[in-house]
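Structure assessment
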Amino acid sequence: MQRRIISENITQYIIGTPFDTGAVILHSNAPADDCDRIPHFGEELTETNNLRLTKSLSEDEKLYGLGEMLGGLNKRGRKYRCYNNDDPNHTPEKQNLYGSHPFMIFDGEETFGLFIDYPGEINIDAGFTDRSVCTIELTCSINNEVNVDIYLISGKTKSDIVHNFLTLIGSPFMPPKWAFGYQQSRWSYPTAEAVKDICAKFKELKIPCDAIYLDLDYMDDYKVFTTSQERFGDFAAFAQELLKDGFHLVPIIDPGVKVEEGYSVYEEAAKNNYFCKTFDYENKKSSGDDFVAAVWPGRTAMPDFLNPKVRQWWADLYKQFCEAGVNAFWNDMNEPALFFTKRGLEDLYQCYDDVRSRTNPGLDFFDLKDKATGLSNNREDYKRFCHNCDGLTQCHDDVHNLFGFNMVKASADGLKRHSHGQRYFLLSRSSYIGQHRYGAVWTGDNQSWWEHIIVHLRMIQSMNMCGFFFVGPDIPGFGCDADAELLIRWLQAGVFTPFLRNHAALFTRNQEPWAFDDRITDIARNVIRFRYAILPYLYAEYHNCAENLKPLIEPLSFVFKDHRCESIEDQFMFGHSAMAAPIHSQNARGRSVLVPDCKWLAWRVTDYSSRDMQVFEPGTYFFDCSLDQFLLFIKEDSLFVTAAPGQNAADAPTELTVIGLVTHSAEFTYYDDDGTTYNFEQGKYGTLRMIVTAEGSDYSVTCKYNAHAGFKNTIRRINFEIYNGRGELVRKSIKMSGDTPEAPVRR
Ligand code: GLC
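All of these numbers come straight from a predicted model, not from anything done at the bench. (Residues numbered from 1 in each chain as written. Predicted model: local features only at pLDDT ≥ 70, side-chain atom pairs only at ≥ 80, totals over all residues. Heavy atoms only, no water.)

1. Things to note about the environment of Val455
Positionally, Val455 belongs in helix H12 (residues 451-465). Its relative accessible area of 13% is what places Val455 among the buried residues. Between the C-alpha atom of Val455 and that of Leu688, which follows or precedes it by 233 residues, the distance is 36 Å. (Helix = DSSP H or I, 4+ residues; strand = E, 2+ residues; numbered from the N terminus. Buried < 20%, exposed > 50% of the residue type's maximum accessible area, 1.4 Å probe, protein only.)

Shown next as structure tokens:
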């Protein structure tokens with residue numbers, strides 16, 4: 001084993017010749033020296049040559065991280081698996097979902113971070129088998145030796161450790177501003193007419209919305225990069241029409257390519273050897289034939305995204321869409337999901353024959369049942385195809401967690417290349433560490449269950465630790481039927497996740513904001529409008545957090561000293577100024593909230609213009625909230641920026657309203673840019689530094705506007721609503737004369 005110092009806080013331990021996953025962007029030329037152990041851990045090789053790391057856990061040690069996993073925010077007491085998996089049944093015992101994010105924080109007698117940069121399977125037993133032991137086992141499928149990079153990350157606090165980890169893996173991508181708006185989806189809106197009807201309804205009901213998703217049915221026979229002439233006619237004209245109306249189309253693109261003579265995408269890839277090949281697992285060599293599995297279109301081949309040439313080819317397939325003005329996509333099924341293979345089917349038929357031949361079948365019926373349900377995403381199939389990595393044959397199973405990441409890399413590359421300087425939007429189901437630099441992630445096929453709201457409240461905190469700031473669940477659940485109350489409570493929670501999309505499975509009840517009754521429509525409208533009202537804060541904080549490498553959404557225990565925060569998993573920081581405490585139980589008409597460490601301004605929101613505000617000292621309180629109400633807390637000596645909501649996220653505000661609780665002094669840097677291009681990377685953006693300082697019973701308010709060449713400021717007035725520690729309100733206002741703030745006046 002070798003050791004290399006990457007930075008003051010990061011040390012790399014290198015075992016063998018690790019596969020370059022692309023997760024890390026911070027490298028060091030420092031020489032590596034030999035070392036015999038990784039601090040904190042014992043290591044051993046198992047009988048099957050897997051690498052096992054072992055760490056003892058102190059009584060109160062807590063574990064955080066692991067990104068997209070079920071279970072608590074504190075990961076202790078369960079088992080987890082990093083092996084990307086298309087599993088639509090997110091029941092509590094499940095160990096793995098669609099993404100693998102092997103970053104953890106151990107918070108015990110010592111607090112440190114661990115990142116295992118390994119693309120194959122990792123099994124983590126976080127004190128499940130033995131309460132006082134955490135074991136981490138890296139599976140090595142083929143070469144009989146584990147090659148891996150392991151990073152130890154130090155920092156004064158958990159928050160610092162996350163920050164230092166983000167210096168290693170980089171900041172998240174900057175989506176276009178419209179992507180922070182509300183997005184509507186359903187499997188499927190199957191025709192152009194159906195999509196237009198949905199758009200018209202948003203306009204008619206004055207519910208803001210920025211994007212409409214196209215699920216499988218926009219394609220011709222599930223063939224990727226085609227559109228159905230019959231259902232969508234002139235696709236480019238249709239996309240343009242919607243865009244003019246303020247709606248961005250987001251079509252789905254799956255990785256699997258239908259095996260069909262005459263289909264150009266298939267033929268080109270087949271001719272150029274761009275598909276993954278079948279792998280003779282027993283003899284450890286490629287057979288040279290394309291690997292074929294069944295997915296939506298039936299027989300499907302999988303592009304070898306680990307091959308740079310294939311990524312180039314795939315990137316250019318987006319060109320035709322970009323030319324039509326469509327540069328937002330979701331990449332689904334990229335674990336990759338496999339319904340079944342010929343091998344699996346034959347195995348099942350064999351089992352069927354065996355059971356049929358029994359005179360008195362009993363328990364063996366379950367073999368048959370398990371074989372049938374185990375057909376999909378079967379590990380044996382993942383062992384039976386391979387990649388061509390720079391000329392080397394790589395068994396898929398050993399690099400499984402990188403398939404989606406590399407599909408996203410290819411897609412992002414194509415979208416960037418063909419979007420003529422416009423920012424793209426890309427959403428993925430599968431993910432690996434580092435992918436946040438290229439796109440967003442949604443948390444897959446959840447259900448319309450109350451239990452899944454809290455699952456996601458925890459998950460988005462853990463995902464943020466791993467760099468995925470632009471993340472969110474299907475609201476109000478993908479599978480099963482949602483009820484009206486679930487829609488409202490989940491939307492209210494969704495106000496605080498950057499990715500806010502309503503999506504539902506085929507055959508489920510409609511769950512658009514108007515799908516229930518007029519009162520529910522009114523409440524949903526108010527919630528969505530509230531989200532648009534806080535976009536100035538969200539967009540600025542997203543940018544600030546990305547730039548400063550601080551998560552947008554953080555657990556309370558990472559920020560505050562109050563030891564009770566460690567037990568609170570359903571409240572979280574939303575940027576630096578605000579805390580969310582969503583209601584997630586059916587029929588609840590309020591909830592308890594821990595108000596940590598300092599004073600907070602509690603805003604019980606009914607709509608954007610409502611001002612039900614009260615100041616609270618640290619403590620635990622019960623807040624009543626009828627169905628149309630939800631909670632937002634503004635921290636002492638912090639500012640929160642809002643504006644009257646538009647119909648689209650791109651509607652530039654002319655007035656800002658800054659709400660704060662100020663006992664000493666508060667500061668906020670409002671950031672804005674054109675929201676559509678990468679000009680901000682060349683410094684074309686505006687910042688407005690606001691400082692509010694208490695002076696007796698009054699406040700001094702200063703604003704410093706810093707417009708960089710080429711950015712057009714739209715703000716004409718900034719209204720301040722500042723509360724003191726007793727909840728008394730002072731209003732001030734600053735007019736902008738061009739780009740220069742005038743002296744504040746009391747209102
Ligand atoms: C997968 C996706 C889901 C999508 C469906 C059909 O289940 O997770 O979001 O609607 O496939 O494309």
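2. Details of the sheet that holds strand E20 (residues 292-295)
Strand order across the open sheet formed by three strands is E17-E21-E20, with antiparallel pairing between neighbours. The sheet is open, and its two borders are formed by strand E17 (257-258) and E20, each paired with just one other strand. (Pairing = 2+ DSSP bridges.)

3. Some remarks on the packing of aromatic side chains
The final tally for this structure, using the stated rule, is 63 aromatic pairs. Taking the centre distance of 5.3 Å and the plane angle of 70 degrees together, the rings of Phe305 and Phe403 count as edge-to-face. In this pair, Phe305 is assigned in the loop between strand E21 (298-301) and helix H6 (308-317) and Phe403 in helix H11 (residues 403-418), connecting sequence segments 98 residues apart. A single burial state applies to Phe305 and to Phe403, both of which are buried. Its end group placed over the ring of Tyr539, Lys177 keeps NZ or CZ at 4.9 Å from the ring centre. (Phe/Tyr/Trp six-rings, centres within 6.5 Å; stacked < 30°, edge-to-face > 60°. Lys NZ or Arg CZ within 6 Å of the ring centre and 35° of its normal.)

4. Description of the pairing of strand E38 (residues 630-635)
Where burial is concerned, most of E38 is hidden: six out of the six residues are buried. The pairing of strand E33 (residues 578-580) with E38 spans three bridges and is classified as antiparallel. From the neighbouring strand, Ala578 faces E38, where its bridge partner is Ile634. Pairing of strand E35 (residues 600-605) with E38 involves six bridges; the strand directions are antiparallel. The partner of Arg604 across the bridge, within E38, is Leu631.

5. A closer look at the pattern of salt bridges
Scanning the model with the defined rule gives 48 salt bridges in all. The shortest N-O distance in the salt bridge between Asp698 and Arg746 comes to 3.2 Å. Placement of the pair is Asp698 in strand E43 (residues 698-707) and Arg746 in strand E47 (residues 745-746), with a sequence separation of 48 residues. Under the relative-accessibility criterion, Asp698 is labelled partly exposed at 24%. Given a relative accessible area of 51%, Arg746 falls into the exposed group. (Salt bridge = Lys/Arg side-chain N within 4 Å of Asp/Glu carboxyl O.)

6. Details of H6
When we look at burial in H6, the residues that qualify are Val310, Arg311, Trp313, Trp314, Ala315 and Leu317. On its buried side, H6 packs onto strand E16 (248-253), E17, helix H5 (264-271), helix H7 (319-323) and H11. Of the residues that open H6, the one with a side-chain oxygen 3.0 Å from the backbone nitrogen of Lys309 is Asn307. (Contact = heavy atoms within 4.5 Å. Polar contact = N/O pair within 3.5 Å; in protein donor to acceptor, adjacent residues only side chain to side chain.)

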